[in-house]
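# Report on the structure
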Amino acid sequence: NPLRSIADTIRQNWGKDLTPIELETVTKMLDDYPFEIIDFIISEATLRNKKTIRWVEKCCIDWYVNNNLKTVTAIQDHLFNRNNWSRKEFDNSKYN
């Protein structure tokens, strides 16, 4: 169950349970965006200490919709190019 997986990931990484409104938001996001994209953005939120569903939702809109980045790899490339990172500086092997 993707919703349970996301809720478990957030519980483990953010140390909190999702509120009913956040669960509703995540459910809608799962209707609109691929699970892998949402899961990756949650990992980015954790790394950046931006631990809110609103931040995750805004990134989905910005990256998936506005910038037409439809895969995790495309988002990673976008982040590397925007921040002048090299691939060796970024090791998130779960998504590679």
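Here is a short report on the structure shown in this document. Just so it is clear, the structure is predicted and the values come from calculations on it, not from any experiment.

Here the focus is the packing of helix α1 (residues 2-14) against helix α3 (residues 35-48). Contact geometry of α1 with α3 gives a least axis separation of 11 Å together with a crossing angle of 10°. With respect to α3, the element α1 is oriented roughly parallel. Listed contacts from α3 to Pro2, Ser5, Ile6, Thr9, Ile10, Asn13 and Trp14 of α1 are Phe35, Ile38, Asp39, Ile42, Ala45 and Thr46. For the contact of α1 with α3, the class distribution of residues is eight nonpolar, four polar and one charged.

Oppositely charged side chains can form a pair if their charged atoms are brought close together. Counted according to the given criterion, the structure contains six salt bridges. With its nearest N and O atoms 3.0 Å apart, the salt bridge here joins Glu57 to Arg54. Remark: Arg54 and Glu57 occur in helix α4 (residues 53-66); sequence separation between them is three residues, near one turn of the helix. It is possible to trace a salt-bridge network through shared partners that takes in Asp8, Arg11 and Asp17.

Evaluated as defined, the whole model comprises two aromatic pairs. Here the aromatic rings of Tyr33 and Tyr64 are separated by 5.3 Å at their centres, their planes lie at 80°, and the arrangement is edge-to-face. With Tyr33 in the loop between α2 (20-32) and α3 and Tyr64 in helix α4, this residue pair connects regions lying 31 residues apart in the sequence. Classification of Tyr33 as buried rests on a relative accessible area of 10%. When its relative accessible area of 15% is taken as the criterion, Tyr64 is described as buried. Summarising the aromatic geometry, the rings of Trp55 and Trp63 are spaced 6.3 Å apart at their centres and angled 90° between planes, so their arrangement reads as edge-to-face. Comparing Trp55 with Trp63, the two get one shared label, buried.

Cut-offs used in this document
- Residues numbered from 1 in each chain as written.
- Predicted model: local features only at pLDDT ≥ 70, side-chain atom pairs only at ≥ 80, totals over all residues.
- Heavy atoms only, no water.
- Axes fitted to C-alpha atoms, helices over the stretch in contact; angles between N-to-C directions.
- Helix = DSSP H or I, 4+ residues; strand = E, 2+ residues; numbered from the N terminus.
- Parallel < 35°, antiparallel > 145°, perpendicular 65-115°, else oblique.
- Contact = heavy atoms within 4.5 Å.
- Nonpolar A, V, L, I, M, F, W, Y, C, P; charged D, E, K, R; others polar.
- Salt bridge = Lys/Arg side-chain N within 4 Å of Asp/Glu carboxyl O.
- Phe/Tyr/Trp six-rings, centres within 6.5 Å; stacked < 30°, edge-to-face > 60°.
- Buried < 20%, exposed > 50% of the residue type's maximum accessible area, 1.4 Å probe, protein only.

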